[in-house]
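If you want the building blocks of each chain, they are given just below.
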Amino acid sequence: MCGIVGYVGRKDAESVLTVGLQKLEYRGYDSAGIALLSSGEIEVRKKAGRIHDLINSLSSYPLPKAHIGIAHTRWATHGRVCDSNAHPHISQRGLFAVVHNGIIDNYSLLKERLQSEGYSFSSETDTEVIANLLEYHYLKEGNLLEAVLKAVKELDGSFALAILFKEDPNLIIGVRKDSPLVVGLGEGENILASDPVAVLPHTKKVVYLNDGEIVFVRKEGVEFYDFSGRRIEKEVKVLEYDEEDAEKGPYPHFMLKEIYEQPRVIRANLERYVRDRRPVMLRDLNLRKLLLNKNRILVVAAGTSFHAGIVGKYLLETYAHTPVEVEYSSEFSSRKLATDSRTLVIAISQSGETADTIDGLRYAKKHGLEVLAIVNRPESTIARESDYVIYTNAGIEVGVASTKAYVAQVLVLTLLALELGHVKGHIDDKELERLLDDMAGLPNQVEKVLALDSHIAHIAERIYKSTNVVFLGRGINYPTALEGALKLKEVSYIHAIGYAAGEMKHGPLALVDNKLPVVVINPRSSVYELTVSSTHEVVSRGGKVISVITEGDKRMAELSAFSIYVPSVPEPLTPIITIVPLQLLAYHSAVLRGVDPDKPRNLAKSVTVR
Ligand code: M6R
């Protein structure tokens, strides 16, 4: 939610910042802006619309040459999407320019106070309050660090800030509380950003800010402070990503690239977590002890990660015999918990920065519960604040629609369930080895599904004009139906619902007519026959069935207007295979409808607001 970037060095700041914004565009894309400091003046250009709209406008209203500046790509929270609400925001006397990711909860109180001190405001945002608050304290204190400390202490809410100060042409200030911020350390240049992807073109050496930390970034070096003004030392880390990881390469969209990366992601996780036909996640004896001591698991997650959690529930209950509940993280933190110390919380998140899931994790810890995170991004808040972390190794996921991260989450949960089940004695060596051998075949099986791309694109041509699509699945593929529906609606804007196939007859069957496409996910499994019956109920009411079924399944094919055949895999592995055609179906539907699947309206990749 909102991307911020700041640069100081020898290069042309405008070009560094516009490239940085493009890398961060997945975080929000309803307006963008840049502030540069040149010849002692802060110059701002900002615009509602996409980053390319801002860049186009710069040719008719150019910025001066500069080597220092800050920039922002917005996902609106406070105030409409319009030029004046776009960031950066400038303080009344022009001393400070601020870009902000987060929400200031007490901004109206602060605004009223500043108004009574003579400040006026030209936007509806909470961010303009920060700029004026900094100026107010600076004019009173005459000391920059003191002014920053005083201002941040007054702010309630979440904020990552990049601040430009008119009186120092070699300084960007970064501040972090509950929104991510990283500094990239270059040679004679330094860069501040919401996400390392904006830093990668310049350096792999980074320092992650923690909550309650401030950084003064100059071209020669960086200084860190805590919110009490004490100098602190920070560890320098080296990014494991390469620049190409955050590039589209030959693909027209990140979403398609990431769908095609899934075989590689599966291989990476199998290499990391399986040795000599044994899963090795629980070789960490502390993690093993933790899981063995718990008799209940609560999964907290949002969106796609929530759906992975439901797959995890089926697997952990089946193999490890541990009861699992899965909850939306946004609901979890606002209810009373009936838990005890034997309850483990598993927080699942691709980004590790989802505010609702961070709240869930903190709420759990406040209640004395231990938290295991299943996270894609190392160094994310969720990874750092959890007691234990299992990484999903999917690499950088840029597309707003989560694809490869989901498959990685499901794979990791499968391995965890199998290993725990084996350690607890519920699965013998033979069954474990058989399933691991089958898992080793998954990358090739997923490649086979990807080879169906043009067939799936053809099916998309038949459904992309629909106003509604229903997805049905049962058992371990019920979450596949939920995830298939989420993918379709978020990237194509077609209304889609995912339903447990058996639940259809309890109401939603009333929706079925000869215009309704119904996607039935029914690979060979223990619930196959029951799902065939549900399909009959749809077909006999005129519904047009698109089925995702096991190769050679003629019975389901006869009931279907279109069939997508996936390779035969054991039931617990089917969710990894069946989701892939649904991702492609959503992708092609979006493209046919003229929607950019990487940047669907109203959404952003990393939801850092509550
Ligand atoms: O980064 P997280 O996994 O915590 O994100 C959770 C959701 O915001 C995310 O899965 C969202 O639903 C995606 N847009 C789904 O494609």
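Residues numbered from 1 in each chain as written. Predicted model: local features only at pLDDT ≥ 70, side-chain atom pairs only at ≥ 80, totals over all residues. Heavy atoms only, no water.

Describing the overall build of the chain
When helices and strands are tallied, the chain shows 20 helices and 27 strands. Taken over C-alpha atoms, the radius of gyration comes to 25 Å for the chain, in line with the 25 Å a tight globule of 610 residues would show. Considered along the principal axes of its C-alpha atoms, the chain spans approximately 75 × 55 × 45 Å. Here the chain, with 610 residues, has 62% of them falling under the buried criterion. Nonlocal contacts in the chain, meaning residues at least 24 apart in sequence, comprise 72% of its contacts between residues at least 6 apart. (Helix = DSSP H or I, 4+ residues; strand = E, 2+ residues; numbered from the N terminus. Rg over C-alpha atoms; globule rule 2.2 N^0.38 Å. Buried < 20%, exposed > 50% of the residue type's maximum accessible area, 1.4 Å probe, protein only. Contact = heavy atoms within 4.5 Å.)

Digging into the site of the ligand
Neighbouring the ligand are 15 residues; Ser-305, Ser-349, Ser-351, Thr-354 and Glu-490 lie closest to it. Between Gln-350 and the ligand, the recorded distance is 2.7 Å, taken from a backbone N or O atom to an oxygen atom. Within the backbone of Ser-402, a nitrogen or oxygen atom sits 2.8 Å from an oxygen atom of the ligand. Against a free-state accessible area of 410 Å², the protein chains account for coverage of 91% of the ligand. At the level of secondary structure, the elements contributing two or more residues to the shell around the ligand comprise α9 (303–320) and α17 (478–492). Residues belonging to the shell around the ligand are distributed by class as follows: five nonpolar, eight polar and two charged. Taken together, domain 2 (253–440) and domain 3 (451–596) each give at least three residues to the shell around the ligand, which thus spans both. (Near = heavy atom within 4 Å. Polar contact = N/O pair within 3.5 Å; in protein donor to acceptor, adjacent residues only side chain to side chain. Areas by Shrake-Rupley, 256 points an atom, 1.4 Å probe, with all protein chains shown as cover. Nonpolar A, V, L, I, M, F, W, Y, C, P; charged D, E, K, R; others polar. Domains from an automatic or database assignment.)

Details of the domain arrangement of the chain
Often, the extent of an interface is quoted as the loss of accessible area on bringing the components together. Along its sequence, the chain is organised into domain 1 (3–245), domain 2 (253–440) and domain 3 (451–596). Here the C-alpha centre of domain 2 lies 34 Å away from the C-alpha centre of domain 1. The partner domain 2 presents 13 residues to the 17 residues of domain 1 that form the contact. Each partner contributes to the roughly 1200 Å² buried at the junction of domain 1 and domain 2, and carbon and sulfur atoms together form 46% of this total. Considering only the side of domain 1, the residues that lose the most area to domain 2 are Tyr-26, Tyr-241 and Asp-245, jointly responsible for 39% of the buried surface there. Between domain 1 and domain 2 we count four salt bridges in total. One salt bridge in this structure joins Asp-178 and Arg-362, with 2.9 Å as the shortest N-O distance. There are seven residue pairs in polar contact (both at pLDDT 80 or more) connecting domain 1 and domain 2. Residue composition of the side of domain 1 that touches domain 2, grouped by class: nine nonpolar, one polar and seven charged. (Buried area = accessible area lost by both parts, 1.4 Å probe. Salt bridge = Lys/Arg side-chain N within 4 Å of Asp/Glu carboxyl O.)

Thoughts on helix α15 (residues 442–450)
Those residues of α15 that fall on the buried side of the exposure criterion are Leu-442, Pro-443, Gln-445, Val-446, Val-449 and Leu-450. The buried side chains of α15 occupy one side of the element, clustering within an arc of 160° when seen end-on. (Arc of directions from axis to C-beta.)

So, the packing of aromatic side chains
For the coordinates displayed, the defined rule picks out seven aromatic pairs. Seen from their ring centres, Phe-96 and Phe-165 are 5.0 Å apart, and the 20° between their planes marks the pair as stacked. Taken together, the positions of Phe-96 in strand β6 (residues 96–104) and Phe-165 in strand β7 (residues 157–165) put the pair 69 residues apart, joining distant regions of the chain. Looking at Phe-165, the relative accessible area reads 5%, which means it is buried. Judged by centre distance (5.8 Å) and plane angle (85°), the rings of Phe-332 and Tyr-363 are edge-to-face. Of this pair, Phe-332 sits in helix α10 (residues 329–332) while Tyr-363 is found in helix α11 (residues 355–366), placing the two residues 31 residues apart along the sequence. (Phe/Tyr/Trp six-rings, centres within 6.5 Å; stacked < 30°, edge-to-face > 60°.)

Some remarks on the pattern of salt bridges
Evaluated as defined, the whole model comprises 39 salt bridges. Note that Lys-150 and Glu-141 form a salt bridge whose closest N and O atoms lie 2.9 Å from each other. Relative accessible area serves as the criterion here: at 34%, Lys-150 is assigned to the partly exposed category. Its relative accessible area of 32% is what places Glu-141 among the partly exposed residues. One salt bridge in this structure joins Arg-277 and Glu-433, with 3.5 Å as the shortest N-O distance. Of this pair, Arg-277 sits in the loop between β16 (274–275) and β17 (278–279) while Glu-433 sits in helix α14 (residues 429–440); the two residues are 156 residues apart in sequence, bridging distant segments of the chain. By sharing partners, the salt bridges in this structure join Arg-176, Lys-177, Asp-178, Asp-211, Arg-362 and Glu-385 into a single network.

Remarks on the pairing of strand β18 (residues 296–301)
Counting buried positions over the six residues of β18 gives six, a clear majority of the element. Side-chain alternation along β18 places Arg-296, Leu-298 and Val-300 on one buried face and Ile-297, Val-299 and Ala-301 on a second face that is also buried. Judged from the five bridges that link them, β18 and strand β20 (residues 343–349) form a sheet pairing that is parallel. Across the sheet, Arg-296 pairs through a bridge with Thr-343, a residue of β20. Of the strand pairs in this sheet, β18 and strand β19 (residues 324–328) are connected by five bridges, and their pairing is parallel. Bridging across to β19, Val-300 finds its partner in Glu-327. A crossover links β18 with its parallel partner β19, the connecting element being α9, and its sense is right-handed. (Pairing = 2+ DSSP bridges. Right-handed = clockwise from strand over helix to strand, strands pointing away.)

Considerations on the packing of helix α13 (residues 404–423) against helix α20 (residues 574–592)
Their axes nearest at 10 Å, the elements α13 and α20 cross at an angle of 170°. Considering the angle they form, α13 stands roughly antiparallel to α20. Counting all contacts with α13, which are made through Tyr-406, Val-407, Val-410, Leu-411 and Thr-414, the residues of α20 involved are Pro-575, Ile-576, Ile-579 and Gln-583. Counted by class, the contact of α13 with α20 contains seven nonpolar, two polar and no charged residues. (Axes fitted to C-alpha atoms, helices over the stretch in contact; angles between N-to-C directions. Parallel < 35°, antiparallel > 145°, perpendicular 65-115°, else oblique.)

Digging into the packing of α15 against α20
The contact between α15 and α20 brings their axes to 9 Å, and the two run at 30°. On the basis of their axis angle, the class for α15 and α20 is roughly parallel. Regarding α15 and α20, the two cross each other, and that crossing is right-handed. Two secondary-structure elements touch here, α15 through Leu-442, Gln-445, Val-446, Val-449 and Leu-450 and α20 through Ile-576, Ile-577, Val-580, Pro-581 and Leu-584. (Left-handed = near helix turned anticlockwise from the far one by under 90°.)

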